[in-house]
Amino acid sequence: MASDARLPGMLPDSAHPSGTAAGRRRDRRAGRRPGRPADGPGTRLTFAARLPAAAGLVFCGIAAWSVIGNLLSPHYGFSQYPRGWAAAAAGAVLVLMAGLYLLQQRSTGALSRHRGLRNLMRVILWAGLFALQVRLVFAVRLPADWDSHAVFESAAGLAQGTQTALSSYFGINPNNTLLALLLSAYLRFVTALGVTDLEMAAAFLNAVVLFAVTVLTYWAARMLAGTSAAVLALLPLGIFVLFSPWAGVLYSDTVGMVFPILILCLLLAACRSGHWQVRIPLWILAGAAGAVGYGIKPTVLICLVAAGLTALCLLPGRQGTAGLLAGLAVVTGSFLAAYAGISTFERNSAAVPDTDRALPATHFLKVGAQQAPGPHGPYYGSYNQSDAETTVQIADPQERFRHGLDVYAARVQAMGPAGYAGFLNHKLLWITGDGSFFTWGEGTVDGNDFVSDNPADQAIQDFFGNTRPHFPWTLSLWQGTWFLLLALAAVPLALRTPVLLRPELSAVRIALLGLLLFLLLSEARSRFLYLYTPYFILLAVVSFQALGRRFLPARTGQDPARHRGPARTGRAAGRAKYGEGD
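Residues numbered from 1 in each chain as written. Predicted model: local features only at pLDDT ≥ 70, side-chain atom pairs only at ≥ 80, totals over all residues. Heavy atoms only, no water.

Peer 1: Tell me about the overall build of the chain, and please be specific about residues and values.
Peer 2: Counting its regular elements, the chain contains 22 helices and two strands. Classification of the 582 residues of the chain by burial places 55% in the buried group. Across the chain, contacts joining residues at least 24 apart in sequence account for 80% of those joining residues at least 6 apart. For the chain, the computed accessible surface area is about 24,100 Å², with 65% contributed by carbon and sulfur atoms. (Helix = DSSP H or I, 4+ residues; strand = E, 2+ residues; numbered from the N terminus. Buried < 20%, exposed > 50% of the residue type's maximum accessible area, 1.4 Å probe, protein only. Contact = heavy atoms within 4.5 Å. Areas by Shrake-Rupley, 256 points an atom, 1.4 Å probe, with all protein chains shown as cover.)

Peer 1: Give me the lowdown on the packing of aromatic side chains, citing residues and values where you can.
Peer 2: Applying the stated criterion across every chain, the model contains 32 aromatic pairs. Between phenylalanine 335 and tyrosine 339, the ring centres sit 6.1 Å apart and the planes meet at 5°, which makes this aromatic pair stacked. Here phenylalanine 335 and its partner tyrosine 339 are both found in helix α14 (residues 322-348), four residues apart, which amounts to about one turn of the helix. Among the residues examined, phenylalanine 335 registers a relative accessible area of 12% and is labelled buried. These aromatic residues form a ring-pair network of at least three members: Phe59, Phe240, Phe437, Trp482, Tyr530 and Phe536. Above the ring of tryptophan 276, the side-chain terminus of arginine 279 is found at 4.7 Å from the ring centroid. (Phe/Tyr/Trp six-rings, centres within 6.5 Å; stacked < 30°, edge-to-face > 60°. Lys NZ or Arg CZ within 6 Å of the ring centre and 35° of its normal.)

Peer 1: Break down the confidence of the model for the chain for me, citing the residues and quoting the values.
Peer 2: Scored by pLDDT, the chain comes out at a mean of 87, with 86% of its residues at no less than 70. Here residues 556-582 scores under 50 on pLDDT; set against residues more than four positions off or in separate chains, the count is 49 contacts. (pLDDT = per-residue confidence, 0-100.)

Peer 1: Which residues make up the pattern of salt bridges, and what values do they have?
Peer 2: Taken as a whole and judged by the stated rule, the model has nine salt bridges. The residue glutamate 504 makes a salt bridge to arginine 502 at a minimum N-O spacing of 3.6 Å. Pair check on accessibility: glutamate 504 and arginine 502 agree, each one buried. Where salt bridges share partners, they join Asp253, Lys297, Glu442, Glu523, Arg525 and Arg527 into one cluster. (Salt bridge = Lys/Arg side-chain N within 4 Å of Asp/Glu carboxyl O.)

Peer 1: Lay out a nonpolar patch on the surface in plain terms, naming residues and giving numbers.
Peer 2: Nonpolar side chains collect at one region of the surface, where Leu117, Leu120, Met121 and Ile124 lie side by side and expose about 390 Å² of accessible area between them. Summarising the element assignment, leucine 117 is placed in helix α4 (residues 115-139). (Patch = residues over 30% accessible without salt bridge, like charges linked within 9 Å, V, L, I, M, F, W, Y side chains within 5 Å.)

Peer 1: Could you give an account of unusual backbone geometry, with specific residues and numbers?
Peer 2: Not every positive phi belongs to a glycine, and tryptophan 146 is a case in point at roughly 40°. Along the polypeptide, tryptophan 146 turns up in helix α5 (residues 146-160). Residue tryptophan 146 is classed as buried on the basis of its relative accessible area of 17%. With a phi angle near 65°, phenylalanine 438 is a residue other than glycine that sits in the positive phi range. Mapped onto the elements, phenylalanine 438 comes out in the loop between α17 (397-432) and α18 (455-464).

Peer 1: Talk me through the environment of aspartate 449; I want residue IDs and the actual numbers.
Peer 2: For aspartate 449, the position within the fold is in the loop between α17 and α18. Relative accessible area serves as the criterion here: at 30%, aspartate 449 is assigned to the partly exposed category. Here the alpha-carbon distance between aspartate 449 and glycine 465, two residues 16 residues apart in the chain, equals 8.7 Å. Filtering out sequence-adjacent residues up to four positions away, aspartate 449 remains in contact with Leu142, Pro143 and Thr444. From its side chain, aspartate 449 meets the backbone nitrogen of aspartate 446 in a polar contact 2.9 Å long. (Polar contact = N/O pair within 3.5 Å; in protein donor to acceptor, adjacent residues only side chain to side chain.)

Peer 1: Before we move on, can you summarise the packing of α5 against helix α8 (residues 198-225) with the specific residues and values?
Peer 2: Two numbers describe how α5 lies on α8: the axes approach to 11 Å, and their chain directions differ by 115°. Both α5 and α8 take part in a crossing whose hand is right-handed. Judged by residue contacts, Phe152, Ala156 and Gln160 of α5 engage Leu198, Glu199 and Ala202 from α8. Within the contact of α5 with α8, the residues separate by chemical class into four nonpolar, one polar and one charged. (Axes fitted to C-alpha atoms, helices over the stretch in contact; angles between N-to-C directions. Left-handed = near helix turned anticlockwise from the far one by under 90°. Nonpolar A, V, L, I, M, F, W, Y, C, P; charged D, E, K, R; others polar.)

Peer 1: Outline α14, supporting the account with residue identities and numerical values.
Peer 2: Along its 27 residues, α14 runs 38 Å from first to last C-alpha, staying within 8% of the 39 Å computed at 1.5 Å per residue. For α14, every residue scored as buried is listed here: Gly323, Leu324, Gly327, Leu328, Val331, Ser334, Phe335, Ile342, Ser343 and Glu346. Looking at the buried positions of α14, the neighbouring elements they touch are α7 (177-192), α11 (258-272), α12 (276-296) and α13 (301-313). (Expected span 1.5 Å × (residues − 1).)

Peer 1: So what about the nonpolar core? Which residues, and what values?
Peer 2: Of all hydrophobic cores here, the largest spans 158 residues; its most connected members are Phe59, Leu187, Trp482, Tyr532 and Tyr535. Looking at which element gives the most residues to this core, the answer is α8, with 16 residues. Setting aside residues no more than four positions away along its own chain, tyrosine 532 makes contact with Pro260, Thr299, Val300, Ile302, Cys303, Ala511, Leu512 and Leu515. (Core = buried A, V, L, I, M, F, W, Y, C linked by side-chain atoms within 4.5 Å.)

Peer 1: Let's hear about the pairing of strand β1 (residues 371-374): which residues, and what values?
Peer 2: Successive residues of a regular strand alternate their side chains across the two faces of the sheet. Relative to strand β2 (residues 377-380), β1 is paired through four bridges, and the arrangement is antiparallel. Across the sheet, the residue bridging to alanine 372 is tyrosine 379, located in β2. Where β1 hands over to β2, the hairpin turn is made up of two residues, counted between the paired strands. (Pairing = 2+ DSSP bridges.)

So this is what it looks like as structure tokens:
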């Protein structure tokens, strides 16, 4: 099959990071270095084709500065982490990753000879992770508070028939309407099954969502860099998803986290498929997932835009662009159709209140240009009650829109160019400097308000509650691991290998760059980064794998003379050589 027939678009295929045998032979015939994009006959790297990698390196620079800037001058969120213990946690996680990497290299041969044992270990692992996720979420569930209270109470009211429409909150904050409607449908379903504890049902849904994020991130890492990287990803996934800072709250931050990683998985799977009848449904699903995700958390759209921009940059100077254009067209069409369907449903639903009083986009621009005192230092661009009340009091929608722009312009003018640049720098460091993702910083609940009073649950709560005795240990683990992820994400600044600068990874970096730029201008806090945590994890493990191959050469634990086994050829040989087994 011609090479460009295998390139479906959106996230362009390239010589696999692990380098398949066929891909390396094709590279040599085409006169390319191994690992360069296999974009088809006659491909030349144009200026536009280099832009995704360049934009990705800009993100790497921002990630590096986020770590350095916070080491020099910490910017705390709601909780103040112990700096020494956070550094120790980062070192411990790094050592664990190195040990896991070496263990995989040494055990590859033994496991490959015992497929049954390997499959049994997988079943035990995933079943155990799911059971543990449910157990932890049940233990640390919290009463609904702040915006999540409006979402849960309205959803439960619709499900139980105690109310016929969403509360007036959704007329001001329509961005949570879809989440409330979907949650009400779920609660209606479990109520029909005889479930009466809807808080417990919501907690179970939160656990399922978090577990799905773990599975999807593992799948994405496996497609990007093989099984070795996927297994490495389980360590930070355990810290940030299994032991999620937001495990106790079902809200758009956890529900929305499914969509960026799901979209990435669908696009990567389409890239790997050689059949149009597989690619087209995957593209349709990716576009539809983007529309649903956008309705739950608008920043989900950024990952689709990043993938599209990356694909567009690779069009000039390339032969056989049909795959890329088809992928762009199908994903875009699917997104627009799904978005139109969702919008029409919400407009025509009797349960959805009128949105004439909705907060305009310029309100968040206004809020994003102010700072307020916090418990451990200033909050930059965070929620401001006074700003919200001022905006809501303006009756005319157009005047409300202009008001946001006017206040934003006045605040920026008052700071001056240098002052505003300094403000944005502090805001960046504040957003990226909190590895707990602003947990306990919303609403009024604290570590004394957990729902369960079971002694076993209280032992778990001691590690999650901000007023509990062991919380500093968990906080240090989150913070140290977060700084480690940022540092590893910045590795391509120093190690610019073709593997790390592939278009797929550049698209991931561009998505994170777009997210940070958006948050710099809009209302923001570290909680808004949480739904893209899987992207940070993917970049970190791929970078660590590259470092491991350079600095941690490991024996496979298999004597070639004694355990040669049947010869592998073609793609299987490439996958086995570079640790991309099944």
